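Given next are the chains, with one letter for each unit.
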Amino acid sequence: MTEGKTLRDVAVGESAVVRRLGGEGAVKRRIMDMGITKGTEVLVRKVAPLGDPIEVTVRGFELSLRKDEAANVLVA
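Residues numbered from 1 in each chain as written. Predicted model: local features only at pLDDT ≥ 70, side-chain atom pairs only at ≥ 80, totals over all residues. Heavy atoms only, no water.

K.L.:
Is there a simple way to explain the sheet that holds strand β2 (residues 41-47) in this structure?
P.N.:
Either a parallel or an antiparallel arrangement is found when strands of a sheet pair, and the pairing is made through backbone hydrogen bonds. Spatially, 5 strands are ordered β4-β3-β2-β1-β5 in an open sheet, and the strand pairing comes out antiparallel. Looking at the sheet topology across the chains shown, the edges are occupied by β4 (61-65) and β5 (73-75). Strand after strand, the sheet turns through a mean of 45° between neighbouring axes, direction not considered. One ladder, built from 3 bridges, connects strand β1 (residues 15-21) with β5; its direction is antiparallel. Bridge pairing links Val18 to Val75 in β5. (Pairing = 2+ DSSP bridges. Helix = DSSP H or I, 4+ residues; strand = E, 2+ residues; numbered from the N terminus. Axes fitted to C-alpha atoms, helices over the stretch in contact; angles between N-to-C directions.)

If you want it as C-alpha cells, here you go:
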C-alpha cells in the first residue's frame, strides 16, 4: 500500500483513524482479529529502537505490530 499515510508513518504519541486495510488472506485476517478495523482509532504508544515492533492501543488493548503489518493499515 503506497497511497497515503499508513500506521507505520504515525509518530509516537499520535492517534489515527483506520481508513482501509490492505494485505491478503492471513495477514489481513490477523490484523482484523486484533480489532483493527475501518473506523477504529489507534494510538501509537511506543516504537522499538530499531523500529520493529510498534506498540499501539486499540479499543483499550495494547498490541504489538510488525512494521510490515502496520504498513497494511491506511490511516487518516
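Following the structure, the description resumes.
K.L.:
Can you help me understand the pairing of β2 in this one?
P.N.:
As a general feature of sheets, a regular strand has side chains that alternate between the two faces. As defined by bridge partners, β1 adjoins β2 across 3 bridges and the pair is classed as antiparallel. Opposite Val17, over in β2, you have Glu41 as the bridge partner. Connecting β2 to the next strand, strand β3 (residues 54-58), in antiparallel fashion are 6 residues, including Gly51 with a positive phi near 90°.

K.L.:
Mind showing me how you'd approach the pattern of salt bridges here?
P.N.:
When the charged atoms of two side chains with opposite charge come close together, those side chains can pair. One pass over the full model with this rule turns up 6 salt bridges. Glu69 serves as the salt-bridge partner of Arg30, at 3.0 Å between the closest nitrogen and oxygen. Placement of Arg30 in helix α1 (residues 25-33) and of Glu69 in helix α2 (residues 67-70) is noted, with a sequence separation of 39 residues between them. The class for Glu69 is buried, based on a relative accessible area of 6%. The salt bridge involving Glu62 is made with Arg45; its shortest N-O contact spans 3.4 Å. With Glu62 in strand β4 and Arg45 in strand β2, the pair connects residues that are 17 residues apart, well separated along the chain. Judged by relative accessible area, which is 37%, Arg45 ranks as partly exposed. Linked through salt bridges whose partners overlap, the residues forming this network are Arg30, Arg66 and Glu69. (Salt bridge = Lys/Arg side-chain N within 4 Å of Asp/Glu carboxyl O. Buried < 20%, exposed > 50% of the residue type's maximum accessible area, 1.4 Å probe, protein only.)

That's the geometry; what it means functionally is another story.
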